[in-house]
Amino acid sequence: MSRAQLTRTGILRMALGGGAADPLLPAEGGGGRRAPFVLRALRIAGVVCLYWFTSIAMVFLNKYLLDSPSLRLDAPLFVTFFQCALTAALCLGLSLGAACGPPCPGLPALRLDPKVSRSVLPLSAVFIGMVTSNNLCLKHVGVAFYNVGRSLTTVFNVLLSYLLLKQTTSLYALLACGVIIGGFWLGVDQEGAEGTLSWTGIFFGILASLCVSLNAIYTKKVLPVVDGSIWRLTFYNNVNACVLFFPLMILLGEFHTLYHFDKLGSPSFWGMMTLGGVFGFAIGYVTGLQIKFTSPLTHNVSGTAKACAQTVLAVIYFEETKSFLWWTSNLMVLGGSFAYTWVKGLEMRKVQEDPNVKSGERNETGV
């Protein structure tokens, strides 16, 4: 995922943590009759395909905007700023549409409260680091290596859970993390052997992994400020990000770059920018949709399989030739991620089924 923005991270965390339901997602089937098996299977397959298409298309679109030889736009902060602005506008548009149309109690009315905005500001700083480092990683590494380049999120989750929350991790989960780290280093070694290694991209990939983990922790802390509404938090977060991006773009001279950009008046350029922003916003919705129709564990497995498909498509599309050890590094990262997800899923199920476990201990185990 090239823009692991708060929308999808928040929806995933809300789904895992039992938070408020997403107003844009279909309601759970309560006491009604369940749909026939074939219909349910087709619906799940359609949702998974939609998630795969949206996520993979978003990565390729952002790679084009950030590092296309034909576009030649060296303004990654502007691309990220535009996507944040479009996300905020879409949140506001959905809110206004809900206010004018049928009542939707789960979708709150959005208005900018400076006090709330200041309370969300620490999370917004982490959010800016997350989306910017993700895009800068994608700018400096190939799409095929992108998944490996920012594969340490799980490792940072374990590390930060211990340092900040004093939560321990099982031996099997730690072994899975070890496989991920081994795959990461093997991938870096193979990129260097092929002459395509970018240490700048590696740095931003590691930073992106760290920021994604921090973003999840800060999201849980800040949610009460917005009454637990992930959509209100997304709105404030992206509005804050737009304001904070301005001095950064001035400092790095991106306005000067835009002034001399020869395609600034091109409708096709703005069409691609808008399409990338829409896909960036839509990934939050389809992520929640996939969790809703399957489960958090299945979503993580689907995400791992999607990353594999994305890597293969990138190698084919860009006509790259990769060594056996390069492919081994990818398999290690994907296998370690799958194993960690599976182990944590089993641990969570065991905790939930054990009546002797305290409620506080239940909350410490999750996927």
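Residues numbered from 1 in each chain as written. Predicted model: local features only at pLDDT ≥ 70, side-chain atom pairs only at ≥ 80, totals over all residues. Heavy atoms only, no water.

This part is about the overall build of the protein chain. Looking only at helices and strands, the protein chain features 14 helices and zero strands. When its helices and strands are written in sequence order, the protein chain yields α-α-α-α-α-α-α-α-α-α-α-α-α-α. For the protein chain, the residues scored as buried account for 49% of the 367 residues in total. (Helix = DSSP H or I, 4+ residues; strand = E, 2+ residues; numbered from the N terminus. Buried < 20%, exposed > 50% of the residue type's maximum accessible area, 1.4 Å probe, protein only.)

The UniProt record annotates "transmembrane region" (unreviewed entry) at residues 41-65, 77-99, 120-138, 144-164, 171-188, 200-218, 230-250 and 270-289. End C-alpha to end C-alpha, residues 200-218 measures 26 Å, and it is 100% helix and 0% strand. (UniProt positions renumbered as here; feature names shortened; annotations may be inferred.)

As a further point, take helix H11 (residues 267-293). For H11, with 27 residues, the first-to-last C-alpha span of 38 Å sits near the 39 Å given by 1.5 Å per residue. Of all the bends found along H11, the most pronounced is centred on Ala282 and spans about 30°. (Expected span 1.5 Å × (residues − 1). Bend = angle between axes of the 7 residues up to and from the residue.)

Our next topic: the packing of aromatic side chains. For the coordinates displayed, the defined rule picks out 17 aromatic pairs. Centre to centre, the rings of Phe82 and Trp270 are 5.7 Å apart; their planes meet at 50°, and the pair counts as tilted. In this pair, Phe82 is assigned in helix H3 (residues 76-100) and Trp270 in helix H11, connecting sequence segments 188 residues apart. Residue Phe82 is classed as buried on the basis of its relative accessible area of 18%. Exposure remark for Trp270: the relative accessible area of 29% places this residue in the partly exposed category. One aromatic cluster is present, formed by Phe78, Phe81, Phe82, Phe246, Phe255, Phe261, Phe269 and Trp270 through successive ring pairs. One cation-aromatic arrangement involves Lys221 over Tyr218; the distance from NZ or CZ to the ring centre is 5.8 Å. (Phe/Tyr/Trp six-rings, centres within 6.5 Å; stacked < 30°, edge-to-face > 60°. Lys NZ or Arg CZ within 6 Å of the ring centre and 35° of its normal.)

This brings us to the pattern of salt bridges. Tallying each qualifying case throughout the model produces nine salt bridges. Asp74 is the salt-bridge partner of Lys139, the closest N and O atoms lying 3.3 Å from each other. With Lys139 in helix H4 (residues 114-140) and Asp74 in the loop between helix H2 (37-67) and H3, the pair connects residues that are 65 residues apart, well separated along the chain. Since its relative accessible area comes to 13%, Lys139 is described here as buried. Assessed through its relative accessible area of 47%, Asp74 is described here as partly exposed. Two residues, Lys344 and Glu347, come together in a salt bridge whose shortest N-O distance is 3.4 Å. (Salt bridge = Lys/Arg side-chain N within 4 Å of Asp/Glu carboxyl O.)

Turning to the environment of Leu334, a few remarks are in order. Relative to the helices and strands, Leu334 is located in helix H13 (residues 324-353). Separated by 186 residues in sequence, Leu334 and Val148 have C-alpha atoms that sit 8.6 Å apart. Apart from the residues lying within four places of it in its own chain, the contact partners of Leu334 are Asn147, Thr304, Ala307 and Cys308. (Contact = heavy atoms within 4.5 Å.)

Our next topic: the environment of Leu210. Residue position: Leu210 is located in helix H8 (residues 199-222). The class for Leu210 is partly exposed, based on a relative accessible area of 26%. Counting along the chain gives 55 residues from Leu210 to Val155, while the straight-line C-alpha distance between them is 8.9 Å. Not counting residues up to four positions away in its chain, the partners in contact with Leu210 are Phe156 and Leu160.

A grouping of Leu159, Tyr162, Leu163, Leu164 and Leu165 is seen on the molecular surface, where their side chains present a nonpolar patch of about 480 Å² in accessible area. Within the secondary structure, Tyr162 is located in helix H6 (residues 153-165). (Patch = residues over 30% accessible without salt bridge, like charges linked within 9 Å, V, L, I, M, F, W, Y side chains within 5 Å. Areas by Shrake-Rupley, 256 points an atom, 1.4 Å probe, with all protein chains shown as cover.)

What follows concerns the packing of H6 against H8. Where H6 contacts H8, the axes come no closer than 9 Å and their chain directions differ by 50°. When the axes of H6 and H8 are compared, the pair comes out oblique. Here the hand of the crossing between H6 and H8 comes out right-handed. Taken together, the residues of H8 that come into contact with H6 (itself represented by Thr153, Phe156, Asn157, Leu160 and Leu164) are Ile206, Ser209, Leu210, Val212, Ser213, Leu214 and Ile217. Its residues assigned to classes, the contact of H6 with H8 shows eight nonpolar, four polar and no charged. (Axes fitted to C-alpha atoms, helices over the stretch in contact; angles between N-to-C directions. Parallel < 35°, antiparallel > 145°, perpendicular 65-115°, else oblique. Left-handed = near helix turned anticlockwise from the far one by under 90°. Nonpolar A, V, L, I, M, F, W, Y, C, P; charged D, E, K, R; others polar.)

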